[in-house]
Amino acid sequence: MEERKGGNKAEQAAEALLAWIVAERLAPGDRIPREEELEEQLGVGRSTVREAVKLLASRNILEVRQGAGTFLSPKQGVTEDPLGFVLVQDKRKLAEDLLELRLILEPPIAALAAERALPEDCRQLNRWRQEVEGQIGRGENHLQADAAFHAEIARLSGNGAVSRLLPVITQSVELDGEVTEMRLGRETVETHREICRAIEEKNPRKAWEAMYLHLQLNRREMR
């Protein structure tokens with residue numbers, strides 16, 4: 001890796017490290033080299049390496065796990081609130097608008113997932129489904145696991161641009177839960193099962209319909 005000109009050393013090192021990550025085609029969850037290896041590769045000192053890693057972590061590109069190392073973040077550089085939803089005052093109207101947007105986007109995403117998902121992908125999706133079901137059964141807040149379930153379907157679509165929409169989906173799931181007070185436990189379990197079954201059967205039309213029904217049930221309860 002070559003250090004670029006311009007900017008301070010940490011910024012240069014961060015850009016060089018990012019270029020290396022892209023060139024190596026690292027995937028979310030992949031571990032990057034240790035600090036001493038990065039020192040040699042980047043041609044900078046330990047403190048500069050640490051600052052460079054901090055910069056990329058602040059941009060949701062890297063994720064530092066204490067005692068485990070530094071990994072490529074599953075957020076892939078996407079911020080938690082890229083569209084500034086936190087500034088919208090009418091949260092109910094925002095929840096309705098986001099759900100309307102998801103009705104446009106998520107059924108086709110589920111159909112793509114049905115076309116492209118591999119058996120091991122379906123196993124991971126079912127793990128998230130079971131986590132949601134378990135939390136609902138125990139009366140726990142299941143919204144984070146629910147958002148992860150939908151994020152996994154987006155990943156299975158195989159469309160890299162879809163991953164950039166995940167904050168929209170995540171925000172919508174959380175707002176839906178707040179507005180409906182998580183009353184759709186049974187319906188969520190049943191429709192999640194239908195979505196998983198359609199994806200496992202590689203049936204795009206059935207996946208589209210199951211996702212559409214799932215979102216329409218939320219819309220009905222919201223209204």
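Residues numbered from 1 in each chain as written. Predicted model: local features only at pLDDT ≥ 70, side-chain atom pairs only at ≥ 80, totals over all residues. Heavy atoms only, no water.

**Topic: helix α9 (residues 204-222)**
So, point 1. With 19 residues, α9 should reach 27 Å at 1.5 Å per residue; the first-to-last C-alpha distance of 27 Å fits that figure.
So, point 2. Within α9, burial applies to A207, A210, M211, H214, L215, L217, N218, R219 and M222.
So, point 3. The secondary structure elements touched by the buried residues of α9 are α4 (91-116), α6 (143-156), α7 (166-180) and α8 (185-200). (Helix = DSSP H or I, 4+ residues; strand = E, 2+ residues; numbered from the N terminus. Expected span 1.5 Å × (residues − 1). Buried < 20%, exposed > 50% of the residue type's maximum accessible area, 1.4 Å probe, protein only. Contact = heavy atoms within 4.5 Å.)

**Structural notes on the packing of aromatic side chains**
What characterises a pair of aromatic rings is the spacing of the ring centres plus the angle enclosed by the ring planes.
So, point 1. Inspection of every chain in the model, using the stated rule, returns one aromatic pair.
So, point 2. Here the aromatic rings of W208 and Y212 are separated by 5.2 Å at their centres, their planes lie at 15°, and the arrangement is stacked. Highlighted residues: W208 and Y212, both in helix α9, separated by four residues, approximately one helical turn.
So, point 3. On the basis of relative accessible area, Y212 is assigned to the partly exposed category, the value being 32%. (Phe/Tyr/Trp six-rings, centres within 6.5 Å; stacked < 30°, edge-to-face > 60°.)

**Here's the deal with the nonpolar core**
So, point 1. Ranked by internal contacts, the top residues of the largest apolar core, which has 29 residues, are L125, F149, I153, I195, I199, A207 and M211.
So, point 2. Elements with a minimum of two residues in this core: α4, α5 (119-137), α6, α7, α8 and α9.
So, point 3. The element contributing the most residues to this core is α4, with nine residues.
So, point 4. In contact with I153, not counting residues within four places along its chain, are I109, A110, A113, L125, I195, I199 and M211.
So, point 5. Ranked by size, the runner-up nonpolar core spans 18 residues in total, among them A16, L18, I32 and L56. (Core = buried A, V, L, I, M, F, W, Y, C linked by side-chain atoms within 4.5 Å.)

**Structural notes on the confidence of the model for the protein chain**
So, point 1. Averaged over the protein chain, the pLDDT score is 85; the fraction of residues at 70 or greater is 89%.
So, point 2. Of all secondary-structure elements in the protein chain, the lowest mean pLDDT belongs to α7, at 75, while α8 reaches the highest, 94. (pLDDT = per-residue confidence, 0-100.)

**Here we look at the environment of Q41**
So, point 1. With respect to the helices and strands, Q41 occurs in helix α2 (residues 35-42).
So, point 2. Under the relative-accessibility criterion, Q41 is labelled partly exposed at 29%.
So, point 3. Spatially, the C-alpha atoms of Q41 and W20 are 9.8 Å apart, while their sequence positions differ by 21 residues.

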